[in-house]
Amino acid sequence: MKQAFRHPPIAAKFPYILHGGDYNPEQWIKWKDTVWKEDMRLAKLAGINTLSIGIFAWSTLEPSEGDYHFEWLDEMMDLMAENDMAVVMATPSGARPAWLSQKYPEVLRVNADRTRNLHGGRHNHCLSSPVYREKTAQINARLAERYAKRPSLAIWHVSNEYGGECHCPLCQERFREFLRKRYGTLDALNAAWWTAFWSHTYTDWSQIESPSPTGETSTHGLNLSWKRFTTEQFVDFYLCETAPLKKFAPSIPCTTNLMGTYPGVDYFRLAEVLDVASWDNYPHWRGTDEDTAVGSRVSFLHDLTRSLKGKPFMMMESSPSATNWQPVAKLRRPGVHALQSLQAVAHGADTVQYFQFRKGRGAAEKFHGAVVDHEGTEYTRVFHEVADVGKRLKDLEQIVGTFTPASVALIYDWNVRWALEDAKGFLQSKTNYESAIINHYRAFWRLGASVDVIDSTRPLDGYSIVSAPMLYMLRPGFAERITAFVESGGTFVASYITGYVDENDLCFLDGFPGPLKDALGIWCEEIDALYPNETNMVVWNGKTYKAFDFCEIVHCRGAKRLATYGKDFYAGQPALTINHRGKGKAYFIAARTEQAFLNDFYASLVKESRVHRALDANLPEGVTAQERSDGKTRSIFVMNFTPFPKNIILDSGKKYLAPWEVWITQGNNEA
Ligand code: GLA
Ligand code: ZN
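Here the structure is a predicted model, which is why all the values come from computation and not from measurement. (Residues numbered from 1 in each chain as written. Chains lettered and ligands numbered in written order. Predicted model: local features only at pLDDT ≥ 70, side-chain atom pairs only at ≥ 80, totals over all residues. Heavy atoms only, no water.)

**Remarks on the side chain of Asn24**
Rule in force here: Comment: elements are numbered from the N terminus, with helices defined as DSSP H or I runs of at least four residues and strands as E runs of at least two. Side-chain atoms alone can form a polar contact between residues adjacent in sequence; in general such a contact is a pair of N or O atoms within 3.5 Å, and within protein one must be able to donate a hydrogen while the other accepts it.
Note that Asn24 resides in the loop between strand E1 (18-22) and helix H1 (32-45). Only 2.9 Å separates the side chain of Asn24 from the side chain of Glu26, close enough to count as a polar contact.

**Some thoughts on the coordination of the zinc ion (ligand 2)**
Stated precisely, the cut-off is as follows: Any nitrogen, oxygen or sulfur atom within 2.8 Å of a metal ion counts as a donor, with the limit raised to 3.2 Å for Na, K and Ca, and since water is left out, coordination shells can look unfinished. Irregular is the default label, applied whenever a site is not tetrahedral (four donors, all angles between 85 and 135 degrees) and neither square planar nor octahedral (four or six donors, opposite donors over 155 degrees apart, all other angles between 65 and 115). Between buried and exposed lies partly exposed: a residue is buried under 20% and exposed over 50% of the maximum accessible area for its type, with that area taken using a 1.4 Å probe on protein chains only.
Ligation of the zinc ion (ligand 2) by protein atoms is provided by Cys126 (SG), Cys166 (SG), Cys168 (SG) and Cys171 (SG), these donors lying 2.3 Å from the ion. Considering all four donor atoms around the zinc ion (ligand 2), angles at the metal cover 104 to 115° and the coordination shape is tetrahedral. Within one chain, the residues serving as donors to the zinc ion (ligand 2) are arranged as C-x39-C-x1-C-x2-C. Taking relative accessible area as the criterion, Cys166 reaches 4% and is therefore assigned buried.

**Observations regarding a nonpolar patch on the surface**
Heads up, the condition is: Put simply, a patch holds well-exposed residues, over 30% relative accessible area, that have no salt bridge, with like charges counted together within 9 Å and Val, Leu, Ile, Met, Phe, Trp or Tyr side chains within 5 Å. Here the accessible surface of atoms and residues is derived via Shrake-Rupley with a 1.4 Å probe, and residues count as covered only by protein chains that are part of the display. Note on definitions: salt bridges are taken to be side-chain nitrogens of Lys or Arg within 4 Å of carboxyl oxygens of Asp or Glu.
Where nonpolar side chains cluster on the molecular surface, the patch consists of Trp194, Phe197 and Trp198 and spans about 440 Å² of accessible area. Note on Trp198: relative accessible area 60%, which makes it exposed.

**A closer look at the sheet that holds strand E9 (residues 349-354)**
The condition that has to hold: Strand pairing is assigned whenever DSSP identifies at least 2 bridges connecting the two strands.
The strand order E5-E4-E3-E2-E1-E9-E8-E7-E6 describes an open sheet built from nine strands, whose pairing is parallel. Whereas interior strands pair on both sides, the edge strands pair on one side only; in this sheet they are strand E5 (254-255) and strand E6 (257-258). Pairing of strand E8 (residues 313-318) with E9, which is carried by two bridges, proceeds in the parallel orientation. Looking at the pairing, Met315 lines up with Val352 of E9.

**Considering the layout of surface pockets**
Test applied: In this analysis, the protein atoms alone were mapped onto a 1 Å grid. Cavities are point sets where a 1.4 Å probe fits without being able to get out; pockets are open sets with protein on both sides within 12 Å along at least five of seven lines; lining residues have an atom within 4 Å of a point. Grid points are joined across faces, edges and corners, and a volume is the space filled by probe spheres set on the points. The residue classification treats Ala, Val, Leu, Ile, Met, Phe, Trp, Tyr, Cys and Pro as nonpolar and Asp, Glu, Lys and Arg as charged. All others, Gly included, are polar.
Within this model, the largest pocket holds a volume of roughly 500 Å³. Every residue lining the largest pocket is counted, 20 residues in all, and those nearest its centre are Gln27, Gly362, Ala363, Ala364 and Glu365. Taken together, the residues of the lining of the largest pocket break down into eight nonpolar, six polar and six charged. What the second largest pocket holds in volume is close to 400 Å³. Contributing to the lining of the second largest pocket are 23 residues, with Trp194, Ser218, His220, Ala423 and Asp505 lying nearest its centre. When residues of the lining of the second largest pocket are traced back to their parent elements, those giving at least two are helix H7 (186-193) and helix H8 (220-248). For the lining of the second largest pocket, a count of residues per class yields 12 nonpolar, nine polar and two charged.

**Concerning the nonpolar core**
Where we set the bar: The set of buried Ala, Val, Leu, Ile, Met, Phe, Trp, Tyr and Cys residues whose side-chain atoms join them within 4.5 Å is what this entry labels a nonpolar core. Throughout, a contact is declared for two residues whenever any of their heavy atoms are within 4.5 Å.
Among the nonpolar cores identified, the biggest contains 178 residues, and Met89, Trp156, Phe492 and Phe601 are the most heavily contacted of them. A per-element tally of this core places helix H14 (residues 433-445) first, with eight residues. Leaving out residues up to four positions away in the same chain, Met89 has contacts with Ile53, Leu73, Met77, Leu143, Tyr147, Leu153, Ile155, Trp156 and His157. One finds Trp205, Ile208, Leu222 and Trp226 within the second-largest nonpolar core, a separate group that totals 14 residues.

**So, the side chain of Ser212**
With respect to the element layout, Ser212 can be found in the loop between H7 and H8. Among the residues examined, Ser212 registers a relative accessible area of 5% and is labelled buried. In terms of polar contacts, Ser212 uses its side chain to reach the side chain of Thr214, at 3.0 Å. Aside from chain neighbours lying at most four places away, what touches Ser212 is Ala112, Asp113, Arg114 and Thr217.

**Overview of the packing of H8 against helix H13 (residues 414-421)**
Test applied: All axes here are fitted lines through C-alpha atoms, helices being fitted over the stretch that makes contact, and every angle between N-to-C directions spans 0 to 180 degrees. By convention, the crossing between two helices is left-handed when the near helix turns anticlockwise from the far helix through less than a right angle, and right-handed when the turn is clockwise.
Their axes nearest at 10 Å, the elements H8 and H13 cross at an angle of 145°. The way H8 lies across H13 gives a crossing that is right-handed. Residue-level contacts link Leu224, Lys227, Arg228 and Thr231 of H8 to Asn415, Trp418 and Ala419 of H13. Taken together, the residues that form the contact of H8 with H13 break down as three nonpolar, two polar and two charged.

**Re H7**
Quick reminder of the rule: Here the arc refers to the set of directions running from the helix axis out to each C-beta atom.
Within H7, burial applies to Leu186, Leu189, Asn190, Ala192 and Trp193. Buried residues in H7, looked at end-on, bunch into an arc of 165°, giving them a common side. Contacts made by the buried residues of H7 are with helix H6 (169-183) and H8. Of the residues flanking the end of H7, it is Trp194, one or two places downstream, whose phi is positive at about 55°.

**A word on the site of ligand 1**
The following threshold applies: Near residues are defined by distance, with any heavy atom within 4 Å of the molecule or strand qualifying the residue.
With respect to spatial proximity, the complete set of residues near ligand 1 consists of Phe56, Arg122, Asn160, Glu161, Asn257, Asp280, Tyr282, Glu317, Trp325, Phe355, Glu365 and His368. Take Arg122: an N or O atom from its side chain is 2.9 Å from an oxygen atom of ligand 1. For ligand 1, whose unbound accessible area comes to 310 Å², protein coverage reaches 97%. Of the residues that constitute the shell around ligand 1, the class distribution is four nonpolar, three polar and five charged.

**Examining the state of the cysteines**
Definition in use: Whenever a pair of cysteine sulfur atoms sits within 2.5 Å, that pair is classed as a disulfide.
Under the criterion given, the structure shown has zero disulfides. With no disulfide of its own, Cys524 lies closest to Cys556 among cysteine sulfurs, the gap being 10 Å. The exposure class of Cys524 is buried, given its relative accessible area of 3%.

**Some points on the pattern of salt bridges**
Per the stated rule, a full pass over the model turns up 42 salt bridges. Taking the shortest distance from any N to any O, the salt bridge between Arg6 and Asp630 comes out at 3.2 Å. Pair noted here: Arg6 is in the segment before E1 and Asp630 is in the loop between strand E21 (623-629) and strand E22 (634-640), with a separation of 624 residues, a long-range link. By relative accessible area, which is 15% here, Asp630 ends up buried. Between Asp236 and Arg133 there is a salt bridge, with its nearest N and O atoms 2.7 Å apart. Here Asp236 is found in helix H8, whereas its partner Arg133 is found in helix H5 (residues 130-147), with 103 residues between them in sequence. Note on Asp236: relative accessible area 29%, which makes it partly exposed. Sharing partners across several salt bridges, the network here consists of Arg114, Glu173, Arg176 and Glu209.

Below is the structure:
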């Protein structure tokens, strides 16, 4: 395990947990003498010390071309300074004024079917458009120049939830440039994309077009390249947006709010250009015992976001109550708001922020949960719950910057997901890469073992277990790195559908799992896909577990068989193998199994690898413990994700946890 230490606070001038969130004073500009002032009073009452402003404020900042209006923002900045609020300031590129689309139609996004959008909504601009880049850079420069010296400016919130893609002629041209750089020659591109298939060979760069439902979707190399290109577009656009921010305010950290495992952008790549990672957390809490599954998924997403930069992150948005766009806009059960907020901190967040502070009066988000409701006072249940969170966060100041000690790395890789979901084989609609990874994650979560979620390009030093379920694509160098990891004493876990293709999505020709054959000591000859109600069995240690979806047929080539299939023509063949290599070992789980198998399997690994756990106790189902540490003091968050009371047996006696309770304790026990 890596040595724990304390990172500097995200915003140097604000060394405490930031509590607050999205605030749209421009929607209340006519009531600024009353509503704005009342908002400051209410915010302080709720223990709020930060507000994020300017998100989607472009039409108020620049109502017509070149006609800038900052006076209202100056006033708001004064008000926030008087009230000791840290300002998270957004650049407004997430949505643009109508004049901009009207005058420069090239900024309107083009869909995959090559139809151009009308003006409206948000997140619908072209990322290549020189006009959009110029207009964005201009307004960002004015914001930065004007507010750089304000002491309350804490963090830049660049745009909003970068996502989608544009297929306009400008983007096609940039795509071709990207491909020229990556492949050098058309011959190399044709070879990498296997274009002799269905006569898809390109003879001129200009023939290459982005994938489209009315055109090309069957060239997997093209599809994959387009995803990679789209990520690079966001990286490039972000750099365009931040250049003026860095010029005028070099010490203010920049971020953009991410969306968990949003499939359209490789966040490990985008994170390279962020100063701090941040994300928007909208769980579908049920208020029932199903929340254990919801909670473990949210923990996974926090760990993923933290691992992007390997340091404390921001929970930039979360709803303090119902989330209007969810199919069932369920109210948070009392206590769940605190649980959701402290869960983020437990996993390394140094901010608890909401969408939104004050509920808007009209338009599409008027019924989205907010700290202050339409009724406008502090006398609501939600307000009280937020204020309680404010109090608890104030007591946690010493946690800011602390480290999350993980000796387990779980691999989640966007490139693998893109290729796998495009694979056209196995069980097309049930590949379920993300949920499969989360099932493995949950087996650690329930033991209170912290996990870093990294992609397959990240360093492996310091981990005792690396688990990489469904690593369909092997990116260059991974097999060599994992082999070295195992030889030096690490434990590696792989599963069905691993090592099928290389980084160009071309199959390995000398047997699966390709370059991992030696490390795992196996050869996977065939894979059986099961119909929805079909099952097989994995027989391990005298127990029988259900297998479904995928059963891979494996031959040991140096590995030992630990479990076998219970039926069908491959009954008795290996379903779990171990290969000893150097000082370490490599396991292969051949089938998709019920959770109980993963729980038992990883519990035995955690025990034998002496994996660090937050609490040295048996945690009841639905409870996890997570830890933050500065190397001296360990803060342990014990969280009950169920509507039932739970008891934990500790050396010091029995600890009772109420439904949804979070118990925070200092630890010195070396688990
Ligand atoms: C996203 C956006 C916000 C808001 C919320 C509502 O996360 O970033 O502007 O629309 O959703 O849940
Ligand atoms: Zn475009």
